[in-house]
Amino acid sequence: MVFVSATDGWLLSATHDGTNWISAVHRTTDGGATWIVQYEVNGCRLMDMVVTGQQTVHVVGFDGRYLSTADGGDTWAQRTTGLSGPLIGVSFTDSLTGWVVGEGIFHTMDGGESWTRKDETNHPLLFKSCFPSPQMGWVVGDRGAIFYTTDGGASWADQTCSSVYGLNAVCFRSETDGWAVGGGGPMLHYSDPDQTDPVARDVSVPGEYRVTAFPNPFNAQTTLALEIPVTSSVRVFVYDATGRIVEILADRVLTAGRHSVSFDASRLPSGMYFARLQAGDQSRVHKLVLVK
């Protein structure tokens, strides 16, 4: 959700009916009292949105969809020049200069009319980007991925923090002060331009057992985040809608804290699955949606 004034704003919605995603862009002009649907799509999960100025909105979707409007949403243009793969995060530093991340890092200097891929190495799926200046920026993603640039994306340095599983958001107040957060509670703080790794700050030991997944829905691979309040013998497995176990992901003692485990479903058909965390008489279940 983004508001550009006390009355004008936009939000994204996404629902899953068990088969397909139904996503929409909504707008309000009365401070949220009423909302109208400006754009709707079936079979795609819209992931992120950014507003530049008063009337220009950019939206990205998991199916590689990039949309923009320059008239407040009365008309929308879909552009794919230079973009590929799932698109998850979008940010702009001004009306012309923007970044999209997902399976790659993409850059525009003409307000989204065309895009150029700015990374060349294999890396986990990327979720968010933040550029405190046109030349300096960070992107974060799955498996603790962190990459930063000091030359406008011409080159990228790896600051991946392997002690956390997924980083879902990043925000920098300046070139030397920033934060990244992820599912399950990890908080990373960057405050020194000469340091090579951010400092992981785990806010607390979890108060209860919990299992979540990101991304979800997912295509082939996802990461399960496990919260363990006390050292326990833990079994984590995935079963399908019939109750058949399709994968055992962990069966060992885990210390109190936050852990992660990857689930590769590339051999499985699309559909609904369930991840179960079992620790003694404690059990937690999380629904997974595999979309290929």
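Nothing here was measured: the structure is a model prediction, and the numbers come from that model. Every residue gets a number counted from 1 within its own chain, in the order that chain's sequence is written. Local features in this predicted model are restricted to residues of pLDDT 70 or higher, and side-chain atom pairs are both shown and tallied only at a pLDDT of 80 or more, whereas totals for entire chains, interfaces and linings draw on every residue. Only hydrogens and water are removed before side-chain values are computed, so all heavy atoms of the structure are retained for them.

Trainee: Teacher, can you tell me more about the packing of aromatic side chains here?
Mentor: Given two aromatic rings, their pairing is described by the distance between the two centres and the angle made by the two planes. In this analysis, rings of Phe, Tyr and Trp, with Trp reduced to its six-membered ring, are considered paired at centre separations within 6.5 Å, and the interplanar angle assigns stacked below 30 degrees, edge-to-face beyond 60, and tilted for intermediate values. Scanning the model with the defined rule gives 15 aromatic pairs in all. Residues Trp99 and Trp156 carry aromatic rings whose centres are separated by 6.0 Å and whose planes lie at 90° to one another, so their mutual orientation is edge-to-face. Placement of Trp99 in strand β10 (residues 98-102) and of Trp156 in the loop between β15 (146-149) and β16 (157-158) is noted, with a sequence separation of 57 residues between them. For every residue, the accessible area obtained with a 1.4 Å probe (protein chains only) is divided by the maximum for its type, and the residue is called buried under 20%, exposed over 50%, and partly exposed between those limits. What makes Trp99 buried here is its relative accessible area of 0%. Aromatic side chains Phe237 and Tyr239 sit 6.2 Å apart centroid to centroid with 40° between the ring planes, which places their arrangement in the tilted category. With relative accessibility at 10%, the residue Phe237 sits in the buried group. Tyr239 gets classed as buried once you look at its relative accessible area, which sits at 14%. Numbering of helices and strands runs from the N terminus, with a helix taken as a DSSP run of H or I at least four residues long and a strand as a DSSP run of E at least two residues long.

Trainee: Would you mind going over the side chain of Thr97 with me for this structure?
Mentor: On the secondary structure map, Thr97 appears in the loop between β9 (87-92) and β10. Look at Thr97 and you get buried, because its relative accessible area is 14%. Apart from residues no more than four positions distant in its own chain, Thr97 is found in contact with Phe92, His107 and Thr108. Contact between two residues is taken to exist if any of their heavy atoms lie within 4.5 Å; hydrogens are not considered.

Trainee: In this structure, what is going on with unusual backbone geometry? I would like to understand it.
Mentor: When glycine is set aside, most residues are seen to have a negative phi, and most peptide bonds are trans. Cis geometry is adopted by the peptide bond preceding Pro215, which originates at Phe214 and carries an omega value of -5°. Note on placement: Pro215 falls in the loop between β21 (210-214) and β22 (221-228). Residue Asn216 is joined to Pro217 through a cis peptide bond whose omega torsion reads 5°. Following the sequence through the fold, Pro217 ends up in the loop between β21 and β22.

Trainee: Help me out: how do you make sense of the pattern of salt bridges in this one?
Mentor: Working definition: two side chains of opposite charge can pair if their charged atoms are close together. A carboxyl oxygen of Asp or Glu within 4 Å of a side-chain nitrogen of Lys or Arg is what we treat as a salt bridge. The full count for this structure, using the stated rule, is ten salt bridges. A salt bridge links Arg65 to Asp63; its shortest N-O distance comes to 2.9 Å. Classification of Arg65 by relative accessible area gives buried; the value is 14%. Taking the shortest distance from any N to any O, the salt bridge between Glu227 and Arg210 comes out at 3.5 Å. Taken as a pair, Glu227 in strand β22 and Arg210 in strand β21 lie far apart in primary sequence, 17 residues in all.

By themselves, these are just geometric observations and shouldn't be taken as functional.
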